[in-house]
Amino acid sequence: MARTTKPSAIDDILAEHSGLEQQLADPSLHNDPAAARRAGKRFAELAPIMSVHGKLTSATDDLAAARELAADDSSFASEIPELEQTVETLEQTLADLLAPRDPHDGDDIVMEVKSGEGGEESALFAADLARMYVRYAERRGWRVEVLDANVSDLGGYKDATLSIKAKGDSLDGVWARLKFEGGVHRVQRVPVTESQGRVHTSAAGILVYPEPDEVEQVQIDETDLRIDVYRSSGKGGQGVNTTDSAVRITHLPTGIVVTCQNERSQLQNKARAMQVLAARLQAAAEEAADEEAAAGRASQVRTVDRSERIRTYNFPENRITDHRIGFKSHNLDAVLDGELDALLDALGKADRDARMQAE
C-alpha cells in the first residue's frame, strides 16, 4: 500500500514565498497600502529561511555529486567530510528557523517601567533599567521613543513608557528579543540615600507588550474612554510646558490608563496614546482568548513585589541572576550598559527548546 507523504514545513514556506512573490508583483496589491505592507513584511521575514534553504539545497547537491564521483575517482573523497559538516550545520540552522514561533516575534514593542517597593531607590533603579534597554536598543540600531515619564525628586522614574521599534522587518524583531523582560526586577545595593552603607533590596517592574502594525484592528468605543488633558511636566524644553498638550486616556471597562506627553501637540499625543491603548487591549484580548499565551506571559506580574522577582541585580557581587532559567553572570556593570545578548540568547534558547518539546 502506497504511503502518502505529508508536506513538510519547508514545503509550506516555499509555497507561501512563491505566493507572496506573485502578490507583490501584482500592481493592484499596492492599491491597498495596509495589505501591501503586510505582504512585504512577511516576504522579508521569510528571506532568512529561503536563503538557508537555498544554501542547503546547493550543499546537498554538491555532497551527492562528490559521493558519486568518489566512486570512480578517490581524489573527490577528501571533499566529502567538509560537505557533510556543511549540510549538517545548514540542516540545524533551517530546523531552528522552522521551529514553532511566537506570532509576534517580528513586532515592535511598548515597554512600561514602574518603580515599586523601595521608594526613591526603586525609582532610581527603574531609571537604570530604562537606560539599560535604551542602550541595548542603540546597540541593535533600534529606535526608542519615550512616550511618557513621571520623574522622581532624584531623577529616577516613578513610571515611564517607551516605544521601541526596529528599522526593518525580520523574523526576530524587538518583541522576539525583549518579550522575556516582563516581570519584577530586584536590586540589591547601597542606595544613594543610605548614610550607613547598608545594602538594601528594592524592586521595579517591567511590562512588555507587542505593538503590531495593525493595531487598528482593535475596535475601541469612544464612549468607553475618559480623556483628560493637562500641562506636560519634566524635561522637554520650554515649549513643552506652556500648553495643556499632555493626554491621559482611561479605558473605563478595563481600567487601563495610558498617558503621552512627549509629542508637540495635544492631537499628536492623543493619537500616540490611542496606539498604545490599542496595543495593550490587543495583548489583553489575546491573553484572555488563549490560555497558552497567558501561561507564556505569566512572568509579567501586575504588582511590583520583591517576592515575585524574575531577576536579581546584585551590585556588591557584580552579579546578575535570572531565576527562571538559572542564568548567572558576574558582569552586571556591562549588562546595565546594554550588553544583554548573552542573557537574552539563553532565554530565547530555553523558549525554543520548550516550543520544540511541545511540538
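Conventions and cut-offs
Residues numbered from 1 in each chain as written. Predicted model: local features only at pLDDT ≥ 70, side-chain atom pairs only at ≥ 80, totals over all residues. Heavy atoms only, no water. Helix = DSSP H or I, 4+ residues; strand = E, 2+ residues; numbered from the N terminus. Expected span 1.5 Å × (residues − 1). Bend = angle between axes of the 7 residues up to and from the residue. Axes fitted to C-alpha atoms, helices over the stretch in contact; angles between N-to-C directions. Parallel < 35°, antiparallel > 145°, perpendicular 65-115°, else oblique. Left-handed = near helix turned anticlockwise from the far one by under 90°. Contact = heavy atoms within 4.5 Å. Nonpolar A, V, L, I, M, F, W, Y, C, P; charged D, E, K, R; others polar. Buried < 20%, exposed > 50% of the residue type's maximum accessible area, 1.4 Å probe, protein only. Arc of directions from axis to C-beta. Pairing = 2+ DSSP bridges. Phe/Tyr/Trp six-rings, centres within 6.5 Å; stacked < 30°, edge-to-face > 60°. Lys NZ or Arg CZ within 6 Å of the ring centre and 35° of its normal.

Caption draft 1: Summary view of helix H2 (residues 33–70). For H2, built from 38 residues, the straight-helix expectation of 56 Å at 1.5 Å per residue is met to within 8% by its first-to-last C-alpha distance of 54 Å. Along H2, the sharpest kink reaches roughly 35°, centred on alanine 47 and followed within four residues by the proline proline 48.

Caption draft 2: Up close: the packing of helix H1 (residues 9–25) against H2. Between H1 and H2, the shortest axis-to-axis distance is 9 Å and the interhelical angle comes to 135°. Classified by the angle their axes make, H1 and H2 are oblique. Of the two elements, H1 crosses H2, and the hand of that crossing is left-handed. Residues Ile10, Ile13, Leu14, Glu16, His17, Leu20, Glu21, Gln23 and Leu24 of H1 form the contact with H2, whose own contacting residues are Ala36, Ala39, Gly40, Arg42, Phe43, Leu46, Ile49, Met50 and His53. Of the residues belonging to the contact of H1 with H2, the class tally is eleven nonpolar, four polar and three charged.

Caption draft 3: View of H1. For H1, with 17 residues, the first-to-last C-alpha span of 25 Å sits near the 24 Å given by 1.5 Å per residue. Taken together, the buried positions of H1 are Ile10, Ile13, His17 and Leu20. Within H1, the buried residues cover an arc of 80° as seen down the axis, which keeps them to one side. Across H1 from its buried face, at more than 90 degrees, point the exposed residues Ala15 and Gln22. Summarising the contacts, the buried residues of H1 are in contact with H2 and helix H3 (80–98).

Caption draft 4: Local environment of the pairing of strand S10 (residues 319–322). Residues of S10 alternate between two faces, with Arg319 and Thr321 on one and Ile320 and Asp322 on the opposite face, all of them buried. Strand direction decides the pairing type here: strand S9 (residues 309–314) and S10, joined by four bridges, are antiparallel. By the bridge assignment, tyrosine 313 is partnered in S10 with isoleucine 320. Turn length for the S9-S10 hairpin, with the two strands adjacent in sequence and antiparallel, is four residues, and the turn residue asparagine 318 shows positive phi of about 50°. Across three bridges, S10 lies against strand S11 (residues 327–329) in antiparallel orientation. Along S11, the bridge assignment pairs isoleucine 320 with serine 329. Counted between consecutive antiparallel strands, the loop separating S10 from S11 contains four residues, among which glycine 326 sits at a positive phi close to 75°.

Caption draft 5: Highlighting the sheet that holds strand S8 (residues 256–260). Strands sit in the order S6-S7-S8 across an open sheet of three strands; the sheet is antiparallel. The open sheet has two edge strands with one neighbour each: strand S6 (225–230) and S8. Taken over all neighbouring pairs, the strand axes of this sheet differ in orientation by 15° on average, direction set aside. The sheet contact formed by S6 and strand S7 (residues 246–251) spans six bridges and is antiparallel. What sits directly across from valine 229, in S7, is valine 247.

Caption draft 6: Representation of the packing of aromatic side chains. A full pass over the atoms with the stated rule returns two aromatic pairs. On the basis of an interplanar angle of 70° and a centroid distance of 5.3 Å, the ring pair of phenylalanine 125 and tyrosine 313 is categorised as edge-to-face. Highlighted residues: phenylalanine 125 in helix H4 (residues 120–140) and tyrosine 313 in strand S9, separated in sequence by 188 residues. Exposure remark for tyrosine 313: the relative accessible area of 0% places this residue in the buried category. Each ring, one from tyrosine 136 and one from tryptophan 142, has its centre 5.7 Å from the other, and the planes form 80°; the classification is edge-to-face. The exposure classification of tyrosine 136 matches that of tryptophan 142, with both residues buried. When the ring centre of phenylalanine 315 is taken as origin, the NZ or CZ atom of arginine 189, which lies over that ring, is 4.9 Å away.

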